Every structure is written in structure tokens, then in C-alpha cells.
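The residues making up each chain are set out below.
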Amino acid sequence: MSETIRINGFTNETLDWKAWLDVVDINAASPEQIAILEESHPKAKESDYYLFLAHQPEILRQRSAAFNAIMYAPGGMPRAERELSTAVVSRINGCVYCASVHAQRFEQLAKRNDSIKQVFTEPRTAGTTDREKAIVQFSIQLTEHPEAVCAADIQALKDVGLTDAEILDLIHSVAIFAWANRLMLNLGEPVFPSA
């Protein structure tokens, strides 16, 4: 990670997340819960997020499959742009934890953090290129007013070079974070590193 960013309560630092409800006790977890935790993420057995979702292992399995297909599938929209869109959605929804994770991923992939600083400062004007600006604007529109997205919004993406496959990836990225942010915001809170 490059420089630490802290703007308007958002950061690119690595945060923890603390569930407000009971999580699965790893020492009492069922074989099915252990299996899905091992499939989900290298640190899932230590993460309140995964340990909470492991109460329903099949739902966690489906969530992980959908997330991985949307964020890591080859082809379509470049990964850095998927990460930018999810950082924007998380900023708009006020999910500090998700914004930090996806800010870090964008920085790792794009090798820069200028767009993240802009997203944290004022997302409505963020983006360093016309393409980034269009991705940011569409991400905001779909997050705040999904019912109002229309052909003109899709055309604006095409006008800056996005293909149909990239637009589909963008829609999926925004959609999964409409769900993920609300889950994180309603079930726990981010934990900042000690000073």
C-alpha cells in the first residue's frame, strides 16, 4: 500500500470488522462450517464477517461463489475498474470497511491512489479520465436510484469505450455491493488500527 489516506472518515488502511451478533465459535463449528470457511477466504476462520455468515454455510458458499465470479472472472471489465466501482458504492453507502478493502485493491492493481483520494473527498466529481468518471457516475446512479437508470446512462458508458461485457461486469459489481454494504453496516462495525 502507498501512503495512508484518511479523508471524511474513510481510509485505505487495513481495518478489522466486529460483528454485533454472535459468531460461530471455530472450536465448536460443524464440519460443514469448517469446510465453507476454508473455501471462502484464507483468513475466514479469524474474521467476524465470515464467522457470522458461517451460521448459514450454504448461503455463505453461494455468496462466495457469486462474489468471486463478479470480482475475479477473467475478461470483461479490468479488475482495477471493478474495484474502483465497489469503492465508490461503498463510499456512497457509508461502508467504511468495504471502502477500505476496495481502495486497497484498486491501489494494488492500478498502482496509484489519486482516484481513491477523489472518491473519499467528493465521489460525484471523482475520476482521472473520462472513462473513470463515467464508471464513477454510473456507480453512483445505480446505487442511489436503480429505478431511474436508463438507456442514456448505458450510452454514456459506451461513449467512453466500455463494451457490453464491461458494462455487465460494472452492473454486477455495483449490485453485489448494494447487498454487501448493507450487510456490513447492519451487522457490525469497522475497527480502525490502534494509533
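In every chain, residue numbers begin from 1 and rise along the written sequence. The model is predicted, so local features are restricted to residues of pLDDT at least 70 and side-chain atom pairs to those at 80 or more, both for listing and for counting; the totals for chains, interfaces and linings are taken over all residues. Hydrogens and water molecules were not included; the side-chain quantities draw on all heavy atoms of the structure.

1. Things to note about the overall build of the protein
Secondary structure counts use DSSP, requiring at least four H or I residues in a row for a helix and at least two E residues in a row for a strand, with both numbered from the N terminus. Tallying secondary structure elements over the protein gives nine helices and four strands in all. Counted from the first residue to the last, the protein has its helices and strands arranged as β-β-β-α-α-α-α-α-α-α-α-α-β. To get the radius of gyration, use the C-alpha atoms; to get the globule rule, take the number of residues to the power 0.38 and multiply by 2.2 Å. Relative to the globule expectation of 16 Å for 195 residues, the C-alpha radius of gyration of the protein, 17 Å, shows essentially globular dimensions. Oriented by its inertia axes, the alpha-carbon framework of the protein measures out at about 55 × 40 × 30 Å. The proportion of buried residues among the 195 residues of the protein is 46%. Under the scheme applied here, a residue whose accessible area is under 20% of the maximum for its type counts as buried, over 50% as exposed, and between as partly exposed, the area being computed with a 1.4 Å probe on protein chains only.

2. A word on the layout of surface pockets
A pocket, in this scheme, is an open set of points on a 1 Å grid over the protein atoms alone with protein on both sides within 12 Å along at least 5 of 7 lines, while a cavity is a set where a 1.4 Å probe fits but cannot get out; residues line either one if an atom lies within 4 Å of a point. Grid points are joined across faces, edges and corners, and a volume is the space filled by probe spheres set on the points. Volume-wise, the largest pocket comes out at about 860 Å³. Around the largest pocket, the lining comprises 31 residues; the ones closest to its centre are His 41, Tyr 50, Tyr 97, Val 101 and Arg 105. Elements supplying a minimum of two residues to the lining of the largest pocket: strand 3 (16-19), helix 2 (48-53), helix 3 (57-72), helix 5 (96-110) and helix 9 (164-187). Looking at which element gives the most residues to the lining of the largest pocket, the answer is helix 5, with seven residues. Looking at side-chain class alone, the lining of the largest pocket contains 14 nonpolar, nine polar and eight charged residues. Each residue is assigned to one class: nonpolar for Ala, Val, Leu, Ile, Met, Phe, Trp, Tyr, Cys and Pro, charged for Asp, Glu, Lys and Arg, and polar for all the others, Gly among them.

3. A word on the side chain of Gln 33
Here Gln 33 shows up in helix 1 (residues 31-40). The definition of a polar contact used here is a pair of N or O atoms within 3.5 Å, where within protein one atom must be able to donate a hydrogen and the other to accept one, and adjacent residues in sequence count solely through side-chain atom pairs. Reaching out from Gln 33, the side chain makes a polar contact with the backbone oxygen of Ala 54 at a distance of 3.0 Å. Residue contacts for Gln 33: discarding those within four places in its chain leaves Val 24, Ala 54, His 55 and Pro 57. By definition, residues are in contact when any of their heavy atoms lie within 4.5 Å.

4. So, the packing of helix 8 (residues 151-159) against helix 9
Contact geometry for helix 8 and helix 9: axes closest at 10 Å, N-to-C directions at 125 degrees. When the axes of helix 8 and helix 9 are compared, the pair comes out oblique. The crossing of helix 8 and helix 9 is right-handed. Packed against helix 8, whose contacting residues are Ile 154, Leu 157 and Lys 158, the element helix 9 presents Asp 164, Ile 167, Leu 170 and Ile 171 at the interface. With axes taken as lines fitted to C-alpha atoms, and helix axes fitted only over the stretch in contact, angles between N-to-C directions fall between 0 and 180 degrees. Orientation labels follow simple angle bins: below 35 degrees gives roughly parallel, above 145 gives roughly antiparallel, 65 to 115 gives roughly perpendicular, and whatever is left gives oblique. We call a crossing left-handed when the near helix sits turned anticlockwise from the far one by less than a right angle, and right-handed when that turn is clockwise.

5. Comments concerning the environment of Glu 166
The residue Glu 166 is located in helix 9 in this model. Considering only alpha carbons, one finds Glu 166 and Glu 3, 163 residues apart in sequence, at a separation of 30 Å. Among all residues touching Glu 166, those that are not within four sequence positions of it are Gly 76, Met 77, Pro 78, Arg 131 and Gly 161.

6. So, unusual backbone geometry
Although it is not a glycine, Asn 8 adopts a positive phi angle of roughly 55 degrees. Phi at Lys 111 takes a positive value of approximately 60 degrees, unusual for a residue other than glycine.

Coordinates in, geometry out; function isn't part of it.
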